[in-house]
Amino acid sequence: MSSVKIVTDSSSDIPKRMREQLGIELVPLKVTIGEDLYLDGVSDSGEFYEKLKASPEPPRTSQPSPAEFSEVYGRILKQHPDASILSFHLASVLSGTCQSAMLGASMLETDADITVVDSKSASYGFGAFVVKAAEMAAAGSAKEDILEAFEQFRLDRKLYFLVDTLEYLQKGGRIGKAAALLGTILNIKPILTLSEEGEVFPVDKVRGQKKAMARIVELLKRDFGRDPVDMTVGWAYRSELALELAGLAQAELNVRTVRQTEIGAAIGTHAGPGTAALFMNRV
C-alpha cells in the first residue's frame, strides 16, 4: 500500500511546530505591503501586523505559483515515488490557490497520484482537517478513507470570527466605506462566518464586544447543543479577546480538546489585527 503525503497552503494557519511534527508540506501565500514582501506562515507575523496597522493602503495578497506547487510535489515524489499526495487549499471562491495547485500537478511529467482538494473554507476552518488528515496518513489510512473523513468533517464544522475594527473589511472591499464608518461610530461588531462555498458573510451584528462574544456562544450552543466538540481558538496579533471568547465557549459547551493558533498574514490582511475566531467541529 502506498503512503499518503499531505500538502497545504499557509492560509490553513497550522502552527509551525504541528506541521513539522506531522510532516505537512507548506506552500506559502505572499502578502505585499508597500515594498515589503511577507511569506505567509514563514515571515514574522508580529512585524507584518505592525506594518499592516501603519499602512494607509491595503496589502496585496497573491497565491503561490503553479511552479511552486510543482516543486513541492516533485520533491515529495522523488523521496516517495509510490506516494499519493492530498493537497488541501483555501476556498476557490476566495483565492486562485486551488487552480495553481492543479496546474502545478499537471506540470509534472510523471503519472503521479495527486488530488487537489478545495476546502471551501479558510484558516483553521480547514487547517483542523489538514492536521487530522496527516494523523490519519501517519496511522496508515488510505487516500480514499481520508477524503471520506473530510466530507464528514465539512458537515460537522462551524466557525465564527469577531473583528476588532471594520477598517480592514472596508479596505478589502467586503463592506462599503459608509457602513464601516457608521459601524465604528455605533460600536457595531459584525459576527462573521463562511458559507458552504467559503464566502465570508455576517451572521449577526451586535453592539459592543461583550454582547458579540455572548452571541457567538449562543450560536455555538444552537449548532452543537451538548454534543462533544473539539475547539481551536485563533487570533490575529493580539490573543486577549480570543482567549476570553474561548473561555466563555468552554464554560457553556461540551469541549473535549482546545487548541490555539495565530491567524497569519493572508487571512489577517482582510480580517485585521485583533480578530478573534473559534473553529469548532463535532467529535
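Before reading further, recall that the structure is shown in the block above.
Heads up: these notes are all about the structure in this document. (Residues numbered from 1 in each chain as written. Predicted model: local features only at pLDDT ≥ 70, side-chain atom pairs only at ≥ 80, totals over all residues. Heavy atoms only, no water.)

## Observations concerning the layout of surface pockets
Using the following cut-off: Computed over the protein atoms alone on a 1 Å grid, cavities are sets of points where a 1.4 Å probe fits but cannot get out and pockets are open sets with protein on both sides within 12 Å along at least five of seven lines; a residue lines them when it has an atom within 4 Å of a point. Grid points are joined across faces, edges and corners, and a volume is the space filled by probe spheres set on the points. Counting from the N terminus, the helices are DSSP H or I runs at least four residues long and the strands are E runs at least two residues long. In the scheme used here, Gly and all other residues not listed as nonpolar or charged are polar, with Ala, Val, Leu, Ile, Met, Phe, Trp, Tyr, Cys and Pro taken as nonpolar and Asp, Glu, Lys and Arg as charged.
There is about 490 Å³ of room inside the largest pocket. For the largest pocket, the lining is made up of 27 residues, of which Ile 14, Lys 16, Arg 19, Gly 41 and Val 42 are closest to its centre. The set of elements that each furnish at least two residues to the lining of the largest pocket consists of helix H1 (16-22), strand E2 (25-27), strand E4 (36-39), helix H2 (45-54) and strand E12 (255-262). Here the residues of the lining of the largest pocket are counted per class, giving 11 nonpolar, 8 polar and 8 charged.

## Concerning the pairing of E12
Keep this limit in mind: A strand pair is defined by DSSP finding two or more bridges across the two strands. Here a crossover is taken to be right-handed if, once the strands point away from the viewer, the path from the first strand over the helix to the second is traced clockwise.
Where strand E11 (residues 229-235) lies against E12, 7 bridges are found, and the strand directions are parallel. Note that in E12 the partner of Thr 232 across the bridge is Arg 259. Between E11 and its parallel partner E12, the chain crosses via helix H10 (residues 240-252), and the hand of that crossover is right-handed.

## With respect to the pattern of salt bridges
Stated formally: Any carboxyl oxygen of Asp or Glu within 4 Å of a side-chain nitrogen of Lys or Arg constitutes a salt bridge here.
On inspection of all chains with the given rule, the structure shows 17 salt bridges. A single network of salt bridges, built from pairs that share partners, joins Glu 25, Glu 71 and Arg 75.

## Concerning the nonpolar core
Rules: What makes a nonpolar core is a set of buried Ala, Val, Leu, Ile, Met, Phe, Trp, Tyr and Cys residues whose side-chain atoms join them at distances within 4.5 Å. Each residue is assigned to one of three classes by its accessible area relative to the maximum for its type, calculated with a 1.4 Å probe on protein chains only: buried under 20%, partly exposed between the two thresholds, exposed over 50%. Only heavy atoms enter the contact rule, under which two residues are in contact if any of them lie within 4.5 Å.
Counting residues in each nonpolar core, the largest one holds 45 residues, and the members touching the most others are Ile 6, Phe 48, Phe 88, Phe 129 and Ile 146. Broken down by element, the residue count for this core peaks at 10 residues, all from helix H5 (residues 124-138). Excluding residues within four positions of it along the chain, Phe 129 makes contact with Phe 88, Ile 146, Ala 149, Phe 150 and Phe 153. Ile 191, Ile 216, Phe 224 and Leu 253 belong to the second-largest nonpolar core, a separate cluster that totals 25 residues.

## Focus on the sheet that holds strand E3 (residues 30-33)
So the rule is basically this: Lines are fitted to the C-alpha atoms to define the axes, a helix being fitted only along its stretch in contact, and any angle between axes, read from their N-to-C directions, falls within 0 to 180 degrees.
Across the sheet, which stays open at both edges, the 3 strands sit in the order E4-E3-E5 with antiparallel pairing between neighbours. Here the strands that pair on one side only, and so sit at the sheet edges, are E4 and strand E5 (60-62). Strand-to-strand twist across the sheet, computed as the mean angle between neighbouring axes with direction ignored, equals 20°.

## Regarding the packing of H5 against helix H6 (residues 143-156)
Using the following cut-off: Throughout, the term roughly parallel applies to angles under 35 degrees, roughly antiparallel to angles over 145, roughly perpendicular to angles from 65 to 115, and oblique to all others. By convention, the crossing between two helices is left-handed when the near helix turns anticlockwise from the far helix through less than a right angle, and right-handed when the turn is clockwise.
For the pair H5 and H6, interaxial distance at closest approach is 10 Å and the crossing angle is 150°. Taken as axis vectors, H5 and H6 run roughly antiparallel relative to one another. Here the hand of the crossing between H5 and H6 comes out right-handed. Mapping the contact onto sequence places Gly 125, Ala 128, Phe 129, Ala 133, Met 136 and Ala 137 in H5 and Asp 145, Ile 146, Ala 149, Phe 150 and Phe 153 in H6. Residue composition of the contact of H5 with H6, by class: 9 nonpolar, 1 polar and 1 charged.

## Overview of unusual backbone geometry
Positioned with a positive phi, Asp 13 is a non-glycine residue whose angle comes to about 55°. With respect to the helices and strands, Asp 13 occurs in the loop between strand E1 (4-9) and H1. If you check the backbone angles, Tyr 237 has positive phi at about 80° while not being a glycine. Relative to the helices and strands, Tyr 237 is located in the loop between E11 and H10.

## Brief notes about the packing of aromatic side chains
So the rule is basically this: Stacked, edge-to-face and tilted labels apply to pairs of Phe, Tyr and Trp rings (six-membered ring for Trp) whose centres lie within 6.5 Å, assigned for plane angles under 30 degrees, over 60, and everything in between, in that order.
Under the defined criterion, the tally for this structure stands at 10 aromatic pairs. A ring pair is formed by Tyr 49 and Tyr 237, whose centres lie 5.9 Å apart and whose planes are at 40°; its orientation type is tilted. Separated by 188 residues along the polypeptide, Tyr 49 in helix H2 and Tyr 237 in the loop between E11 and H10 bring together distant segments of the chain. Overall, the relative accessible area of 0% leaves Tyr 49 in the buried class. With relative accessibility at 25%, the residue Tyr 237 sits in the partly exposed group. Among the aromatic residues, those joined into a cluster by ring pairs are Tyr 38, Phe 48, Tyr 49 and Tyr 237.

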